[in-house]
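# Observations on chain architecture
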Amino acid sequence: MLSGKASDLVLKILMERTFIAIKPDGVQRGLISEIIERFERKGFKLVAIKLVVPSKTFAQKHYHDLKDRPFFNGLCNFLSSGPVLAMVWEGEGVITYGRKLIGATDPHKSEPGTIRGDLAIVVGRNIIHGSDGPETAKNEINLWFKPDELTNYTSNQEKWTYGVN
């Protein structure tokens, strides 16, 4: 078994961050608390949060990788149509598991128990966005948040979530 300092170091190395956004439809439908609760219940730690109405130009930056797709303009119009709850979550495996928690892009293909499987019906109103990999997470976090908006702290529940004492 590792000593306290060594186990803390291992835990910090395994921790990663991801960007999660509740889109305008999720905000307008009053789903903020339910979505946050799902991430908290899993044991992930919220390290940044803000409610913003992104401009269309900002939405285009966010979805830059989809600029050649036929739905790009509508997607950007939608993201900039109302308030978005932008968040950064931290935890071991948060990128991969966050995507599982969210469910497939198409709610009809999302498993029951996922956010989209339980709460969404159509692709164009699928409630939530989550980074799909480490590089995307880093880029999206840097786009949506300034470094001083991200917090660093040790949660009291970490030892119960990860078994680090």
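All figures in this text were calculated on a predicted structure; none of them were measured in a lab.

To continue, consider the pairing of strand S1 (residues 15-22). Of all eight residues making up S1, six are buried, and the element is well covered by its neighbours. Of the strand pairs in this sheet, S1 and strand S3 (residues 84-92) are connected by eight bridges, and their pairing is antiparallel. For Ile-20, the partnering residue across the bridge sits in S3 and is Met-87. Strand direction decides the pairing type here: S1 and strand S4 (residues 128-130), joined by three bridges, are antiparallel. Across the sheet, the residue bridging to Ile-22 is Ile-128, located in S4.

This next bit is on the nonpolar core. Core analysis: the largest hydrophobic core is formed by 21 residues, its most contacted members being Ile-35, Phe-39, Trp-89, Ile-127 and Ile-128. Breaking this core down by element, the ones donating at least two residues are S1, helix H3 (32-42), S3, helix H6 (94-102) and helix H7 (115-119). The element contributing the most residues to this core is H6, with four residues. Those residues in contact with Phe-39 that sit more than four places away from it in its chain are Ile-20, Phe-44, Trp-89, Gly-98, Leu-101, Ile-102, Ile-115 and Ile-128. Residues Leu-66, Leu-75, Trp-144 and Leu-150 belong to the second largest nonpolar core, which totals 18 residues.

The rules behind each value
- Residues numbered from 1 in each chain as written.
- Predicted model: local features only at pLDDT ≥ 70, side-chain atom pairs only at ≥ 80, totals over all residues.
- Heavy atoms only, no water.
- Buried < 20%, exposed > 50% of the residue type's maximum accessible area, 1.4 Å probe, protein only.
- Helix = DSSP H or I, 4+ residues; strand = E, 2+ residues; numbered from the N terminus.
- Pairing = 2+ DSSP bridges.
- Core = buried A, V, L, I, M, F, W, Y, C linked by side-chain atoms within 4.5 Å.
- Contact = heavy atoms within 4.5 Å.

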